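Fold and geometry: a report
Listed below are the residues making up each chain.
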Amino acid sequence: MERGRTRWRRFALALLVGLACVALLLVGLVQGALAATFTVAGLPFDGTVNRLQSQSAVLFGTADQSRDAAFPVLDIGFGDARINDLCLSFVATGLPVVGEANFAITSGEVNAQNLLIAVENANGQSLTLTDAEIGRDAGTLDRLPGLAGPAGAFGIQSGTIALEQVRLTGRSITAGTLQLGQFAINTEVGREGCA
């Protein structure tokens, strides 16, 4: 009986090609050239931001999908964002013994690249756009490569964006890079979230 042999050159070539494909996919996801979709938990979170500035921004309407339902959201994408005084919190219910608890993440300074926030509602003190295009077909948005909305939908894009004193309710956040400076994570019984 002839024993099997490994053809190491073919094995190495197949391995290198596979690793190269995986690397290209990961680079595409991180740079925003490819979209990564996922199912949201269905739990909204609250957020506050003192100031957010970014190079390049896009906005368009879409839906986030949970296991049981879909939620209409405004997707807001930021190319290179600088955030001051961030607070994100969500409430978990049905916890044994405790019942309800609030979980909060705070950070004085946040840097993010290819940041995408799915927002249910938001309000703030001011919003400034430069080189704005309002009412553009969301399928043709091109300020952030790989991030466009449904064809024929209402879209907005700008060269820069600045927001101040923002409060929002969101469904999901994704980012190529999300770097928090000094941060804190707190848990408390009850529903008290970001002030």
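A quick note: this is a predicted structure, and the numbers were derived from the prediction, not measured.

Some thoughts on the overall build of the protein
Along the protein, the regular secondary structure elements total 1 helix and 8 strands. In the protein, buried positions account for 32% of the 195 residues. Considering only contacts in the protein between residues 6 or more positions apart, those separated by 24 or more positions represent 75%. About 12,200 Å² of surface is accessible on the protein, with carbon and sulfur atoms providing 57% of the total.

A few points about the environment of Leu43
Turning to its location among the elements, Leu43 is positioned in the loop between α1 (8-31) and β1 (45-65). With a relative accessible area of 47%, Leu43 lands in the partly exposed category. For the pair Leu43 and Gly170, spaced 127 residues apart in sequence, the C-alpha to C-alpha distance is 8.9 Å. If we skip the residues at most four places from it in the chain, Leu43 touches Val91 and Arg171.

Quick notes on the nonpolar core
Ranked by size, the top nonpolar core spans 20 residues in total, and within it Val49, Leu52, Phe78, Ile83, Leu115 and Leu163 carry the most contacts. Setting aside residues up to four positions removed in sequence, Leu115 forms contacts with Ile76, Gly77, Phe78, Ala81, Ile83, Ile173, Thr174 and Ala175. Formed by 6 residues, the second largest nonpolar core is a distinct cluster that contains Phe60, Ala138, Leu144 and Leu147.

What about the side chain of Arg171?
Secondary-structure assignment places Arg171 in strand β6 (residues 154-174). For Arg171, a relative accessible area of 12% gives the class buried. A distance of 2.5 Å separates the side chain of Arg171 from the side chain of Glu120, its partner in a polar contact.

Description of the pattern of salt bridges
Oppositely charged side chains can pair when the atoms bearing their charge come close. Scanning the entire structure with this criterion turns up 5 salt bridges. The partner of Arg136 in a salt bridge is Glu133, with the nearest N and O atoms 2.6 Å apart. Taking relative accessible area as the criterion, Glu133 reaches 28% and is therefore assigned partly exposed. The structure contains a network of salt bridges with shared partners spanning Glu133, Arg136 and Asp142.

Things to note about the confidence of the model for the protein
In the predicted model, the protein carries a mean pLDDT of 81, and the fraction of residues at 70 or more is 77%. Taken together, the stretch residues 21-40 has pLDDT below 50 and engages in 29 contacts with residues farther than four places along the chain or on a different chain.

A short note on unusual backbone geometry
If you check the backbone angles, Asn114 has positive phi at about 50 degrees while not being a glycine. Within the element layout of this structure, Asn114 appears in strand β3 (residues 99-123).

Looking at the environment of Val58
Relative to the assigned elements, Val58 resides in strand β1. Val58 sits 84 residues away from Asp142 along the chain, and the two C-alpha atoms are 8.4 Å apart.

Things to note about the pairing of β1
Two strands pair when backbone bridges link them, and β1 and β6 are joined in this way by 14 bridges, in the antiparallel orientation. The residue bridging Phe60 from the neighbouring strand is Gly155, located in β6. Bridge count for β1 against strand β2 (residues 70-95) is 18 bridges, and the pairing is antiparallel. The partner of Ala63 across the bridge, within β2, is Pro72.

What to know about a nonpolar patch on the surface
Residues Ile105, Leu178, Leu180, Phe183 and Ile185 make up a contiguous nonpolar surface patch of about 460 Å² in total accessible area. Mapping Ile185 onto the fold places it in strand β8 (residues 183-189).

What counts and what doesn't
- Residues numbered from 1 in each chain as written.
- Predicted model: local features only at pLDDT ≥ 70, side-chain atom pairs only at ≥ 80, totals over all residues.
- Heavy atoms only, no water.
- Helix = DSSP H or I, 4+ residues; strand = E, 2+ residues; numbered from the N terminus.
- Buried < 20%, exposed > 50% of the residue type's maximum accessible area, 1.4 Å probe, protein only.
- Contact = heavy atoms within 4.5 Å.
- Areas by Shrake-Rupley, 256 points an atom, 1.4 Å probe, with all protein chains shown as cover.
- Core = buried A, V, L, I, M, F, W, Y, C linked by side-chain atoms within 4.5 Å.
- Polar contact = N/O pair within 3.5 Å; in protein donor to acceptor, adjacent residues only side chain to side chain.
- Salt bridge = Lys/Arg side-chain N within 4 Å of Asp/Glu carboxyl O.
- pLDDT = per-residue confidence, 0-100.
- Pairing = 2+ DSSP bridges.
- Patch = residues over 30% accessible without salt bridge, like charges linked within 9 Å, V, L, I, M, F, W, Y side chains within 5 Å.

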